Amino acid sequence: MNQKRVVSIQDISCFGKCSITVSSPILSAAGIETVVLPTALLSTHTGGLEGYTFLSLENELLPIVQHWKKLGIRFDAIITGYVGSTEMIEKLETVENLLKGEETVILSDPAMADNGVLYKGFDENYAEKMKDFCARADIVLPNITEACLMTGTPYREGPYTKEYIGELLRKLAGPRQKAVILTGVYFDRGHLGAALYDVQKDEIIYAFNKRIEGYYHGTGDIFANAFFGAYLAGNSFGNSLQAAVDFTQESIERTYKAKTDIRFGVNFEAGLEEYARKVHGK
Ligand code: PXL
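I will try to describe carefully the structure that is included in this document. (Residues numbered from 1 in each chain as written. Predicted model: local features only at pLDDT ≥ 70, side-chain atom pairs only at ≥ 80, totals over all residues. Heavy atoms only, no water.)

Some details on the overall build of the protein
Next, step 1: On a plain count of helices and strands, the protein comes out with 9 helices and 11 strands.
Next, step 2: The C-alpha radius of gyration computed for the protein amounts to 17 Å, which stays within 12% of the reference 19 Å derived for 282 residues, consistent with globular compactness.
Next, step 3: Each principal axis of the C-alpha distribution contributes one length, and for the protein these read about 50 × 45 × 40 Å.
Next, step 4: Taken as a whole, the protein presents about 12800 Å² of accessible surface, with 51% of it coming from carbon and sulfur.
Next, step 5: Of the charged side chains in the protein, 29 are positive and 36 negative, and the gap between their average positions amounts to 4 Å. (Helix = DSSP H or I, 4+ residues; strand = E, 2+ residues; numbered from the N terminus. Rg over C-alpha atoms; globule rule 2.2 N^0.38 Å. Areas by Shrake-Rupley, 256 points an atom, 1.4 Å probe, with all protein chains shown as cover. Lys, Arg positive; Asp, Glu negative; His and termini not counted. Charge placed at Lys NZ, Arg CZ, Asp CG, Glu CD.)

Quick look at the site of the ligand
Next, step 1: Taken together, Asp11, Ser13, Cys18, Ser19, Leu42, His45, Thr46, Tyr82, Tyr119, His217 and Asp221 form the complete shell of residues around the ligand.
Next, step 2: Interatomic distance of 2.8 Å between a side-chain N/O atom of Asp11 and a nitrogen atom of the ligand.
Next, step 3: Thr46 has a polar side-chain atom sitting 2.7 Å from an oxygen atom of the ligand.
Next, step 4: Within the complex, the protein chains bury 97% of what would otherwise be the 310 Å² of accessible surface of the ligand.
Next, step 5: When the residues that make up the shell around the ligand are grouped by side-chain class, the tally is 4 nonpolar, 5 polar and 2 charged. (Near = heavy atom within 4 Å. Polar contact = N/O pair within 3.5 Å; in protein donor to acceptor, adjacent residues only side chain to side chain. Nonpolar A, V, L, I, M, F, W, Y, C, P; charged D, E, K, R; others polar.)

Focus: the environment of Ala135
Next, step 1: Along the polypeptide, Ala135 turns up in the loop between helix H4 (124-134) and strand E8 (139-140).
Next, step 2: Assessed through its relative accessible area of 43%, Ala135 is described here as partly exposed.
Next, step 3: Residues Ala135 and Gly234 lie 99 residues apart in sequence; the distance between their C-alpha atoms is 24 Å.
Next, step 4: When near neighbours in sequence (up to four residues on either side) are disregarded, Ala135 contacts Arg176 and Gln177. (Buried < 20%, exposed > 50% of the residue type's maximum accessible area, 1.4 Å probe, protein only. Contact = heavy atoms within 4.5 Å.)

Notes on the side chain of Asp138
Next, step 1: Within the secondary structure, Asp138 sits in the loop between H4 and E8.
Next, step 2: A distance of 2.7 Å separates the side chain of Asp138 from the backbone nitrogen of Ile106, its partner in a polar contact.
Next, step 3: In this structure the side chain of Asp138 is engaged in a polar contact, spanning 3.1 Å, whose partner is the side chain of Arg176.
Next, step 4: Leave out the neighbours within four places in its chain, and Asp138 touches Thr104, Val105, Ile106, Arg176, Gln177, Lys178 and Ala179.

Points about the packing of aromatic side chains
Next, step 1: On inspection of all chains with the given rule, the structure shows 13 aromatic pairs.
Next, step 2: When the centroid spacing of 6.5 Å and the interplanar angle of 20° are considered together, the rings of Phe227 and Phe237 count as stacked. Here the residue Phe227 occupies a position in helix H7 (residues 219-232), and Phe237 occupies one in helix H8 (residues 237-258), the gap between them amounting to 10 residues. The residues Phe227 and Phe237 share a single accessibility class, namely buried.
Next, step 3: Residues Tyr231 and Phe237 carry aromatic rings whose centres are separated by 5.0 Å and whose planes lie at 15° to one another, so their mutual orientation is stacked.
Next, step 4: The structure contains a cluster of three or more aromatic residues connected by ring pairs, namely Tyr82, Phe122 and Tyr126.
Next, step 5: The ring of Tyr186 is capped by Arg211, whose NZ or CZ atom sits 4.2 Å from the centre of that ring. (Phe/Tyr/Trp six-rings, centres within 6.5 Å; stacked < 30°, edge-to-face > 60°. Lys NZ or Arg CZ within 6 Å of the ring centre and 35° of its normal.)

Thoughts on helix H2 (residues 58-71)
Next, step 1: Along H2, the residues that are buried comprise Leu61, Val65 and Trp68. Looking down the long axis of H2, one finds its buried residues gathered within 60° of arc, a one-sided arrangement. Exposed and oriented more than 90 degrees from the buried face of H2 are Asn59, Lys70 and Leu71.
Next, step 2: Buried positions along H2 lie against strand E1 (5-15), strand E2 (33-44) and helix H3 (86-99). (Arc of directions from axis to C-beta.)

Quick word on the sheet that holds strand E4 (residues 77-80)
Whether parallel or antiparallel, the strands of a sheet pair through hydrogen bonds between backbone atoms.
Next, step 1: Strand order in this open sheet of 9 strands is E3-E2-E1-E4-E5-E8-E9-E10-E11, and the pairing throughout is mixed. Because the sheet does not close on itself, it has two edges, and the strands there are strand E3 (54-56) and strand E11 (203-210).
Next, step 2: As paired strands, strand E10 (residues 191-198) and E11 are joined by 8 bridges and run antiparallel to one another. The residue of E11 that forms the bridge with Gly193 is Phe208.
Next, step 3: Sheet strands in contact with helix H1 (residues 20-29) are E1, E2 and E4, and its direction is about 140° off that of E1.
Next, step 4: Together, E1, E4, strand E5 (105-108), E8, strand E9 (179-185) and E10 form the strand contacts of H7, whose direction differs from that of E4 by roughly 170°. (Pairing = 2+ DSSP bridges. Axes fitted to C-alpha atoms, helices over the stretch in contact; angles between N-to-C directions.)

Some points on the nonpolar core
Next, step 1: Counting residues in each nonpolar core, the largest one holds 44 residues, and the members touching the most others are Val7, Leu99, Ile144 and Ile165.
Next, step 2: In contact with Val7, not counting residues within four places along its chain, are Val35, Val36, Leu37, Trp68, Phe75, Ala77, Ile78, Ile79 and Leu99. (Core = buried A, V, L, I, M, F, W, Y, C linked by side-chain atoms within 4.5 Å.)

Examining the pattern of salt bridges
Next, step 1: Summed over all chains, the structure comprises 17 salt bridges.
Next, step 2: Here Glu167 and Lys171 are joined by a salt bridge, their closest N and O atoms 3.3 Å apart. Linking Glu167 with Lys171, this pair stays in helix H6 (residues 162-172), spanning 4 residues, or about one helical turn.
Next, step 3: The partly exposed category is assigned to Glu167, whose relative accessible area is 42%.
Next, step 4: A salt bridge links Arg277 to Glu273; its shortest N-O distance comes to 3.8 Å. Placement of both Arg277 and Glu273 in helix H9 (residues 272-279) is noted, with a separation of 4 residues, approximately one turn of the helix. (Salt bridge = Lys/Arg side-chain N within 4 Å of Asp/Glu carboxyl O.)

Here is the structure:
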């Protein structure tokens, strides 16, 4: 069996369990060789933790990629998440063009907004650039806030209707997309999950689990990587979606019960073994 190789293009938030520090262990647990391309180095993520340090690694990206090219390293997949600046988005377009081959599957999570508002430091110009960047991906994975920003749809609080979710999904599907995934979907207050629009089949798939109150940092990254790992390991869109919803929900529930600071991320580590088993059909 040929092991698949993915490159995870994300910042390193040293503390706080998001981006590279969750992407790499989850994709590895799915059996995928995970190469990292760090875009920036921060002491923590920017979500509610004050005084963080930030070092852009922008000038390292092309030399790293050129070295890989010289070595003849090829990638089956690319995943991108939080980027941080419009200049960096432009750089990542060049990086993607250099790294992708005919068969490379690209998943992009816009990672720029939640709960109706843009993350700290981002403006409408950033959102517009990110929308164009995501249009290049085979799979785009926004939450509802991001989907609204990307499609010019007014943001609404849930519970949602199938019509509202279906409209967002279809509006997000451009000429390149094979699948569009919306996170933060719920039709009743007891459940929370995701919806996937399979563009080729023109079919919408849903996956839900029990809803836990509260906002937990880093769960979008956990979900995106859990989905992609399962998918790259050979699972269907539907099974990958359910595996990602369950893995994320269980991580949140564990953290809710432990009553740890929600800014510090969730305990996904305790679920990795079960996730790996599920992904490999055991
Ligand atoms: O989880 C997304 C993310 C990644 N990286 C950094 C962030 C955030 C979200 O706030 O601040 C640096």
